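Descriptive analysis of the structure
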Amino acid sequence: QVQLVESGGGSVQAGGSLRLSCAASGLTFRRYTMGWFRQAPGKERVFVAGIRWSGASYYADSVKGRFTISRDNAKNTVYLQMNSLKPEDTAVYYCAAELGGVGVVASEYDYWGQGTQVTVSS
């Protein structure tokens, strides 16, 4: 049974930082592309950042230069370091896993976590 468990969300003022973690179990983690998506109230779930099995990472333009995705295959964990947070970053953040692929489209992902809330106040 595959499980993805996010942690690290919370409330922060604009300009602050948070680090999200996603611990995976029940899958061969090193083979999967891992992604972070977010969903604001009343909006669609959108891609934030992804990292392939090779370590290659890619980002949505809205977070490029502020967010960093990384992975630790020994710990089956993917991270999202979020700096210079803005109120528009407020959303529920989801971790997802995809076997192979590019990993920028939500429908391509095989497994999802339950989400963690990030709230940025101005």
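Use the structure listed above.
Here's the deal with the packing of aromatic side chains
For the structure on display, the rule yields seven aromatic pairs. Considering the side-chain rings of Phe37 and Phe47, the 5.7 Å spacing of their centres and the 75 degrees angle between planes classify their relative orientation as edge-to-face. Here Phe37 is found in strand 4 (residues 32-39), whereas its partner Phe47 is found in strand 5 (residues 46-51), with 10 residues between them in sequence. By the burial criterion, Phe37 is buried, and Phe47 matches it. A network of ring pairs unites the aromatic residues Phe37, Phe47, Tyr58, Tyr94, Tyr109 and Trp112 as a single cluster. Its guanidinium or amino end placed over the ring of Trp112, Arg45 lies 4.8 Å from that ring's centre, counting from NZ or CZ. Over the ring of Phe29 we find Arg71, and its NZ or CZ is 4.5 Å from the ring centre.

Looking at the pairing of strand 11 (residues 116-121)
Of the two faces of strand 11, only the one carrying Thr116, Val118 and Val120 is buried; Gln117, Thr119 and Ser121 on the other face are not. Here four bridges tie strand 2 (residues 10-13) to strand 11, and the two strands are oriented parallel to one another. The residue bridging Val12 from the neighbouring strand is Val120, located in strand 11.

Details of the pattern of salt bridges
Within the structure shown, the criterion is met by three salt bridges. Residue Arg38 is joined to Asp89 by a salt bridge in which the shortest nitrogen-to-oxygen separation is 2.9 Å. Linking Arg38 in strand 4 with Asp89 in the loop between strand 8 (77-82) and strand 9 (91-99), this pair joins segments that are 51 residues apart in sequence. Look at Arg38 and you get buried, because its relative accessible area is 10%. Judged by its relative accessible area of 0%, Asp89 is buried. Between Arg66 and Asp89 there is a salt bridge whose closest N-O contact spans 2.7 Å. Note that Arg66 is positioned in the loop between strand 6 (57-59) and strand 7 (67-72) and Asp89 in the loop between strand 8 and strand 9, a separation of 23 residues in sequence.

Some remarks on unusual backbone geometry
For Asn76, which is not glycine, the phi torsion reads 55 degrees and is therefore positive. Within the secondary structure, Asn76 sits in the loop between strand 7 and strand 8. Taking the relative accessible area as the measure of exposure, Asn76 reaches 25% and is therefore partly exposed. Despite not being glycine, Ser84 shows a phi value in the positive range, around 50 degrees. Inspection of the secondary structure assignment puts Ser84 in the loop between strand 8 and strand 9.

So, how was this worked out
Residues numbered from 1 in each chain as written. Predicted model: local features only at pLDDT ≥ 70, side-chain atom pairs only at ≥ 80, totals over all residues. Heavy atoms only, no water. Phe/Tyr/Trp six-rings, centres within 6.5 Å; stacked < 30°, edge-to-face > 60°. Helix = DSSP H or I, 4+ residues; strand = E, 2+ residues; numbered from the N terminus. Buried < 20%, exposed > 50% of the residue type's maximum accessible area, 1.4 Å probe, protein only. Lys NZ or Arg CZ within 6 Å of the ring centre and 35° of its normal. Pairing = 2+ DSSP bridges. Salt bridge = Lys/Arg side-chain N within 4 Å of Asp/Glu carboxyl O.

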